[in-house]
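Structural features, examined
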Amino acid sequence: MSPPKSDAQVAFDKYVVPELEVLYRTARSLTRNTADAEDLVQDTLLRAFRAIERFDGRYPRAWLMTIMRNANINRVRKKTPDLLDDPEMTFERSVDFAETEGPEETVVEPVFDSVVTAAFATLSPDFRQVVELVDLNALSYQEAADVIGVPVGTVMSRLHRARKRIRERIGEEGLESSGAFRAGEPS
Amino acid sequence: MMRMFRRRKGMSCDQVMEVLQSYLDGETDTETARNVASHLDVCDDCGPESSVYVNIKKSLAAQREDVDPEILETLRNFTDRMVRGEID
């Protein structure tokens, strides 16, 4: 028979364990590398466990994103001690996400998708990062702000401008109506 | 004149465009969301524009990659060992 769980273990099970997948997805966005992403999640978990007794239970994901941001800053500093340090630089050096193909779960028009993919690939790293965190990883604006370490307004501004650039490309290709058809909206 | 013509009860097209993306992300308050939804239902300009953004979001979301179940299992095991005090 296993011993009863401590308060910290119970809190960890309640607030942190359900977020493992989101943590990993976010870590992958930050590191662009599976092994580094795993290390970053483990570091985040260790830090979270040490701090769990001081956590008030409100907004666990946002709390974890802040911890992950700090862990990532530390990771980048260790990895590149001579780089005065901008973790976002990892995005500059990253593999282009748009080159990898994910599962096609929704019924989408290939041309529309290819234009979106191409436009996404040409966004600046800052813009791609927020699109990836919010649109691909489904973080809220606040959670994305916490993990990047910028104000929510900055997330909104980058995200909205990024999508507008994608939307402009859709317009240039004359694909607005194909998008409307796909959504089942009246033309 | 055009602007007045485009104005719908509650919110103008410009006002809707300003909050449209936040609305689509579920980041507006309930009252704003209700007003935007009402506007989109009847506006021939903003409704289709909203659909384009919805589809951009869908297209981006479709690029999301599955997480390897083995990685999640590894992380769960790591978590179990950590809370049992086997990892510092």
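For clarity, every value in this text was computed on a predicted model and none was experimentally measured. Numbering of residues starts from 1 in each chain and follows the order in which that chain's sequence is written. Lettering for chains starts from A, numbering for ligands starts from 1, and both go in the order in which the items are written. The model is predicted, so local features are restricted to residues of pLDDT at least 70 and side-chain atom pairs to those at 80 or more, both for listing and for counting; the totals for chains, interfaces and linings are taken over all residues. Hydrogens are left out, water is left out, and the side-chain values use all remaining heavy atoms of the structure.

Another aspect to go through is helix α1 (residues 7-15) of chain A. Turning to α1(A), its buried residues are Ala8(A), Gln9(A), Ala11(A), Phe12(A) and Tyr15(A). Taken end-on, α1(A) shows its buried residues confined to a sector of 165°, consistent with a single buried face. Among the exposed residues of α1(A), those pointing more than 90 degrees away from its buried face are Asp7(A) and Lys14(A). When checking whether two residues touch, look at their non-hydrogen atoms; a contact exists if any pair is within 4.5 Å. The secondary structure listing takes helices from DSSP runs of H or I that are at least 4 residues long and strands from runs of E that are at least 2 residues long, numbered from the N terminus. Tucked inside the fold, the buried residues of α1(A) contact α3 (34-51) and α4 (60-79) of chain A together with α5 (69-83) of chain B. Partly exposed residues are those whose accessible area sits between 20% and 50% of the maximum for their type, while under 20% is buried and over 50% is exposed, using a 1.4 Å probe and protein chains only. Note: the arc covers the axis-to-C-beta directions of the helix.

Mapped onto the fold, Glu132(A) is located in helix α7 (residues 125-136). Separated by 12 residues in the primary sequence, Glu132(A) and Phe120(A) have C-alpha atoms spaced 9.4 Å apart.

With that settled, the discussion passes to the interface of chain B and chain A. At the interface, 33 residues of chain B touch 50 residues of chain A. For the pair chain B and chain A, the summed buried area comes to about 3900 Å², and 60% of that belongs to carbon and sulfur atoms. Take a side-chain nitrogen of Lys or Arg and a carboxyl oxygen of Asp or Glu: if they are within 4 Å of each other, that pair is a salt bridge. For the pair chain B and chain A, the interface holds three salt bridges. Contributions of two or more residues to the side of chain B that touches chain A are made by α2 (13-24), α4 (46-61) and α5 of chain B. Sort the elements by how many residues they give to the side of chain B that touches chain A and α4(B) lands first, with 11 residues. Throughout, the accessible surface (probe 1.4 Å) given up by two parts as they are put together, summed over both, is called the buried area.

This next bit is on the confidence of the model for chain A. Close reading of the predicted structure is inappropriate where its pLDDT is low. Residue and element names in this part refer to chain A. In the predicted model, chain A carries a mean pLDDT of 81, and 78% of its residues have values of at least 70. As a per-residue measure, pLDDT reflects the predictor's confidence and takes values from 0 up to 100. No element of chain A has a lower mean pLDDT than helix α5 (residues 89-92), at 42, and none a higher one than helix α9 (residues 152-172), at 96. Below a pLDDT of 50 lies the segment residues 84-108, which in the model reaches 56 contacts outside its immediate sequence neighbourhood of four places, other chains included. Within the model, the stretch residues 180-187 combines pLDDT values under 50 with 15 contacts to residues more than four positions away or in other chains.

This part is about the pattern of salt bridges. Within this structure, the stated rule accounts for 17 salt bridges over all chains. With a closest N to O distance of 3.1 Å, Arg25(A) and Glu21(A) form a salt bridge. Taken together, the residues span about one helical turn, with Arg25(A) and Glu21(A) both in helix α2 (residues 20-31) at a distance of four residues. Looking at Glu21(A), the relative accessible area reads 32%, which means it is partly exposed. With a shortest N-O distance of 2.9 Å, Arg84(B) and Glu86(B) are connected by a salt bridge. Residue classification places Arg84(B) among the exposed positions, given a relative accessible area of 52%. Salt bridges sharing common partners tie together Asp135(A), Arg163(A), Asp25(B) and Lys57(B).

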